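# An overview of the molecular structure
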Amino acid sequence: MSEPEVVVYANPDLLAAAVAARLVTRLVDLQAAKGSASLALTGGSTGIAVLEQLHQSPARDAVDWSRLDLYWGDERFVPADDDERNEKQAREALLDHVPIDPKRVHAMAASDGEFGDDPDTAAEAYARVLAAHALPENHGTVPGFDITLLGLGGEGHTASVFPESPAVYETERSVVAVRNCPKPPPTRISLTLPAIRRSHDVWLLTTGEAKADAVALALSGAGEVQLPVAGARGQRRTLWLIDRAAAGKLSHLYQPPTA
Ligand SMILES: O=C1O[C@H](COP(=O)(O)O)[C@@H](O)[C@H](O)[C@H]1O
């Protein structure tokens, strides 16, 4: 498992543009090296801002979108056309604007979808999707995503794994239903921390002073039960890509150079 590395950007706009550029470079390199790439998307303000930046960037055409598998780290369990849905936001920000192969877009079910209004059934179905795409070298039932993008909450949740919730104790399942979330909407589907940790790279994206305590705690050895984001690590690389405000309670070593 990799140790966290931190990159601090001066402001949220710069962060979104720089992460979009980093994504293009990494996806192009992966596709050149092995033909295709896999990316797990996040919801949340910073993750969606990155997708919007990618949409605006001419460099997006360097990616072969037809050779990309897309997954989600979590989903709000609402109807398909609900504006809260992470998939809907990602489609509007980017996916509707690039020539992606629809068969390679692996979204979690909506509450009015084929599994009905039962998040447990929808979570089990997504676990089966993951298992079907796991390769022998993944040694299990989860694909080793090349890149997993994650956000975090001020209380330390990541994906939809909240502090002290049943999901944070899950060690067997790759995907779980989550109920009674402190952040609305209350019902969600989420990858578990063990599934996230199968990723090659985990990129944690966040901005703003409201996240500064969680960032500082996660990077100073907090436990994942109290602060789930502390348990989000990649096998190859764990990158914290944050703005100056979110880095406000870290040591000066993490601060960007002053202009
Ligand atoms: O609800 C969610 O929130 C988190 C963080 O969102 P942010 O707007 O505070 O950046 C996100 O990581 C997660 O995917 C999403 O479902």
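For the structure, see preceding data.
Now for a quick tour of the structure. (Residues numbered from 1 in each chain as written. Predicted model: local features only at pLDDT ≥ 70, side-chain atom pairs only at ≥ 80, totals over all residues.)

### Brief notes about the overall build of the protein
We count it as follows: Per the convention used, a helix needs a DSSP run of H or I reaching at least four residues, while a strand needs a run of E reaching at least two, with both numbered from the N terminus. Both definitions apply: the radius of gyration is a C-alpha atom measure, and the globule rule equals 2.2 Å times residues to the power 0.38. Each residue is classed by its C-beta neighbour count within 10 Å, where at least 20 other C-beta atoms makes it buried, 12 or fewer makes it exposed, and intermediate counts make it partly exposed; the C-beta atoms are placed from backbone geometry.
Broken down by element type, the protein carries six helices and nine strands. Computed over the C-alpha atoms, the radius of gyration of the protein is 17 Å, within 12% of the 18 Å expected from 2.2 N^0.38 for a compact globule of 259 residues. If one aligns the C-alpha atoms of the protein with their principal axes, the spans along those axes are about 50 × 40 × 35 Å. Within the span of the protein, comprising 259 residues, buried residues form 47% of the whole.

### What to know about the sheet that holds strand β5 (residues 147–150)
We count it as follows: Two strands pair if DSSP finds at least two bridges between them. Helix axes are fitted to C-alpha atoms over the stretch in contact, other axes to C-alpha atoms as well, and angles between N-to-C directions run from 0 to 180 degrees. The contact rule is simple: place each C-beta atom from the backbone, and if two of them lie within 7 Å, those residues are in contact.
Ordered by their spatial adjacency, six strands build an open sheet running β1-β9-β8-β5-β2-β3, and the pairing between neighbours is parallel. Looking along the sheet, the strands with just one partner apiece sit at the ends: β1 (4–9) and β3 (68–72). Between one strand axis and the next, the sheet turns through 20° on average, direction left out of account. Lying on the sheet, helix α2 (residues 45–56) is in contact with β2 (37–41), β5 and β8 (201–206); it crosses β8 at an angle near 105°.

### Quick look at the packing of helix α1 (residues 12–34) against α2
In a packed pair of helices, the relevant descriptors are the angle between the two axes and the axis-to-axis distance. This is how it is decided: Handedness of each helix crossing follows the sense of rotation of the near helix against the far helix: counterclockwise by less than a right angle gives left-handed, clockwise gives right-handed. Each residue receives one of three labels: charged for Asp, Glu, Lys and Arg, nonpolar for Ala, Val, Leu, Ile, Met, Phe, Trp, Tyr, Cys and Pro, and polar for the others, Gly being one of them.
Between α1 and α2, whose axes approach to 8 Å, the crossing angle comes to 65°. Crossing handedness for the pair α1 and α2: right-handed. From α1, Pro12, Ala16, Ala17, Val19, Ala20 and Leu23 reach across to α2, where they touch Ala49, Val50, Gln53 and Leu54. Across the contact of α1 with α2, the residue classes break down as nine nonpolar, one polar and no charged.

### A closer look at the site of the ligand
We count it as follows: To decide nearness, the C-beta atom of each residue is placed from the backbone, and the residue is near a molecule or strand if that atom lies within 6 Å of it.
Around the ligand lies a shell of 16 residues, among which Thr42, Gly43, Gly44, Ser45 and Gly151 are the nearest. Elements with a contribution of two residues or more to the shell around the ligand: α2 and β4 (74–76). Classifying every residue of the shell around the ligand by side-chain character gives three nonpolar, 10 polar and three charged.

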